[in-house]
Amino acid sequence: MGELYLDDLRDKTHRGLTGRALAGASAGGLPYGYVVTSVGQRAIDEAQAAVVRRIFSEFLEGHSPRTIAARLNHDRIPSPRESTWAMTAIRGDVRRGLGILANPIYAGQQIWNRSRWVKHPDSGRRVRQERPQGEWVITEHPELAVIDLGTWNAAQARMGALGKASGVPGPGRPPRHLLSGLLRCGGCGGPMVVVDKYNYACSTAKDRGTCDNPVRLRRSVAEERLLAGIREEILTEEAFRRFELAAASALKSSAPSLDVAHRRVADAQRVRDNVMRAIREGIITPSTKAELVAAERAAQDAEVALRHAQQFQPSQVLPRAREAWRRIATSLADSARDVPAARAAIRELLGQNARVINKNGDLFAEIAVPSDALTNMVAGAGFEPATFGL
Ligand SMILES: [Zn+2]
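Residues numbered from 1 in each chain as written. Predicted model: local features only at pLDDT ≥ 70, side-chain atom pairs only at ≥ 80, totals over all residues. Heavy atoms only, no water.

Draft legend 1. Region of the structure containing the overall build of the chain. Per the secondary structure count, the chain includes 13 helices and 12 strands. Here the chain, with 390 residues, has 34% of them falling under the buried criterion. Counted over contacts in the chain with a minimum sequence separation of 6, partners at least 24 positions apart contribute 56%. Accessible surface for the chain amounts to roughly 23,100 Å². Of this, 54% is attributable to carbon and sulfur atoms. (Helix = DSSP H or I, 4+ residues; strand = E, 2+ residues; numbered from the N terminus. Buried < 20%, exposed > 50% of the residue type's maximum accessible area, 1.4 Å probe, protein only. Contact = heavy atoms within 4.5 Å. Areas by Shrake-Rupley, 256 points an atom, 1.4 Å probe, with all protein chains shown as cover.)

What follows is the structure, given as structure tokens:
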């Protein structure tokens, strides 16, 4: 019923928005460069429109979206989201018409109905599906144009050429490099990503120009040393023993007591048995049914608590930890061939806390895990079976 209702509502909403698009009103969010007037129509915001024109003209002068973002940030011009400009907000996504250089509204054209959200048949997740061009609704809004059509066409041509030349990765492609995004910049905390064939560097410095950390970390060095460090210091039998000891003692002091859990189950069962006996002996009062329901629920809750307590006993947890340890070691051993698995293993071990720092000219990576992190992990809520991928 709910599904049918939502489908119907979605169709109605969609029809309504298409009607509004055709009538010239805004469908969807308000793009950068415009304000909504008192009667709900869009109008040009002159200050932002000037920024849009600047972006198009710098792009046509030969600057890359990355450089344009850095220059805007340098001039302290706030981005559409009132923060700093990112390369992606400039370049955008031509297919979806998002991003300054890709949105035809700046040439006075609105394209509505480019895509729809459909349920993926396997996962049930809602995914975006592009509609065929014939279903697009294109409306002309000359009063909203901030650049002329010639400028727009020239920018689209240059973007097409750039896209082909640079092989710009599409959205959602999984990282192909071992440490992309797992290392953090020691200057700004932003992710370090692969910037060229050989190096990792701060993505904030690269895309936004608001971080001035010039550090280039050679991929081969970073990957070899980090993996060697993990193998020699973390994935050793001795390290595992230390982990096991710490985990066992932390569990001992923080795991729910099995005795208490067993006693709770016994108590709850006794109460339930008493109610049952009373019923068999014919003692039925107006509250008997409620008492029975409550006793049943208490017995069930106690059973759940007992199972939970059993899962947290060292004898249950430690073999699973051992298994996880092995899985991580195996994934890392194969790091060259199976990058996603190795990345997952590194994230599991280190989180995203390896900060790359350039102190006194010496480049090094610091794994910012506090010394009591292990105990915290074991004692805290983080030590659910899921922590070990189980
Ligand atoms: Zn940085």
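From this point, things continue past the structure.
Draft legend 2. Inspection of the coordination of the zinc ion at higher detail. The protein atoms that coordinate the zinc ion are Cys185 (SG), Cys188 (SG), Cys202 (SG) and Cys211 (SG), at distances of 2.3 to 2.4 Å. If you look at the zinc ion, its four donor atoms make angles of 101 to 116° with each other, and the shape they trace is tetrahedral. Counting gaps between the donor residues of the zinc ion yields the pattern C-x2-C-x13-C-x8-C. In this pair, Cys185 sits in strand E7 (residues 183-185) while Cys211 sits in the loop between helix H6 (203-207) and strand E10 (217-218), placing the two residues 26 residues apart along the sequence. (Donors = N, O, S within 2.8 Å, 3.2 Å for Na, K, Ca; no water. Tetrahedral: all angles 85-135°; square planar, octahedral: opposite > 155°, others 65-115°.)

Draft legend 3. Highlighting the pattern of salt bridges. Enumeration over the complete set of coordinates arrives at 11 salt bridges. A salt bridge links Glu58 to Arg71; its shortest N-O distance comes to 3.3 Å. Remark: Arg71 occurs in helix H3 (residues 65-74) and Glu58 occurs in helix H2 (residues 46-60); sequence separation between them is 13 residues. The class of Arg71 is partly exposed, set by a relative accessible area of 34%. The salt bridge involving Arg241 is made with Glu237; its shortest N-O contact spans 3.8 Å. One end of the pair, Arg241, and the other, Glu237, are both in helix H8 (residues 237-254), four residues apart, so they sit about a helical turn from each other. (Salt bridge = Lys/Arg side-chain N within 4 Å of Asp/Glu carboxyl O.)

Draft legend 4. Examining the nonpolar core more closely. Formed by 30 residues in total, the largest nonpolar core has its most connected members in Leu178, Leu179, Leu183, Met192, Tyr200, Leu332 and Ile346. Contributing elements (two or more residues each) for this core: E7, strand E8 (192-194), strand E9 (199-202), helix H7 (219-234), H8, helix H11 (314-333), helix H12 (339-350) and strand E11 (354-359). Looking at this core element by element, the count peaks at five residues for H11. If you look at the next biggest cluster of nonpolar residues, it comprises 26 residues, including Tyr32, Ala49, Ala69 and Leu101. (Core = buried A, V, L, I, M, F, W, Y, C linked by side-chain atoms within 4.5 Å.)

Draft legend 5. The sheet that holds E10, seen in detail. If you walk across this open sheet you meet the three strands as E8-E9-E10, and the pairing is antiparallel. Among the strands making up the open sheet, the edge pair consists of E8 and E10. (Pairing = 2+ DSSP bridges.)

Draft legend 6. Structural context of the packing of aromatic side chains. Taken as a whole and judged by the stated rule, the model has four aromatic pairs. Seen in terms of ring centroids, Tyr32 and Trp85 are 5.3 Å apart; in terms of plane orientation they differ by 85°. Their pairing is edge-to-face. Remark: Trp85 occurs in the loop between H3 and helix H4 (87-91) and Tyr32 occurs in the loop between helix H1 (2-23) and strand E1 (34-36); sequence separation between them is 53 residues. A single burial state applies to Tyr32 and to Trp85, both of which are buried. A ring pair is formed by Phe56 and Tyr106, whose centres lie 6.4 Å apart and whose planes are at 65°; its orientation type is edge-to-face. Here the residue Phe56 occupies a position in helix H2, and Tyr106 occupies one in the loop between H4 and strand E3 (109-112), the gap between them amounting to 50 residues. Here Phe56 and Tyr106 have matching classes, each one buried. The structure contains a cluster of three or more aromatic residues connected by ring pairs, namely Tyr34, Phe56, Tyr106 and Trp152. Against the face of Phe59 rests Arg158, its NZ or CZ located 4.4 Å from the ring centre. (Phe/Tyr/Trp six-rings, centres within 6.5 Å; stacked < 30°, edge-to-face > 60°. Lys NZ or Arg CZ within 6 Å of the ring centre and 35° of its normal.)

Draft legend 7. Looking closely at the packing of H7 against H11. Two elements in contact, H7 and H11, have axes whose closest approach is 11 Å; the angle formed by their N-to-C orientations is 150°. Taken together, the axes of H7 and H11 are roughly antiparallel relative to one another. Crossing angle aside, the handedness with which H7 passes H11 is left-handed. Contacts between H7 and H11 involve Leu227, Ile230, Arg231 and Ile234 from the first element and Trp325, Leu332 and Ala333 from the second. For the contact of H7 with H11, the residue count by class is six nonpolar, no polar and one charged. (Axes fitted to C-alpha atoms, helices over the stretch in contact; angles between N-to-C directions. Parallel < 35°, antiparallel > 145°, perpendicular 65-115°, else oblique. Left-handed = near helix turned anticlockwise from the far one by under 90°. Nonpolar A, V, L, I, M, F, W, Y, C, P; charged D, E, K, R; others polar.)

Draft legend 8. Region of interest: H7. The end-to-end C-alpha distance of H7 is 21 Å, a good match for the 22 Å that 16 residues give at a rise of 1.5 Å each. Listing the buried residues of H7 in full gives Ala222, Glu223, Leu226, Leu227 and Ile230. Looking straight down H7, one finds that the buried residues subtend no more than 110° of arc, so they occupy a single side. With respect to the buried face of H7, the exposed residues turned more than 90 degrees away are Glu224, Arg225, Glu232 and Glu233. (Expected span 1.5 Å × (residues − 1). Arc of directions from axis to C-beta.)

Draft legend 9. Representation of the packing of H2 against H3. In contact at an axis separation of 10 Å, H2 and H3 are set at 140° when each is read in the N-to-C sense. The angle between H2 and H3 falls in the class oblique. Here H2 runs over H3; the crossing is right-handed. Only Pro65, Ile68, Arg71 and Leu72 of H3 make contact with H2, whose side of the interface consists of Val51, Arg54, Ile55, Glu58 and Phe59. Partitioned by chemical class, the residues of the contact of H2 with H3 number six nonpolar, no polar and three charged.

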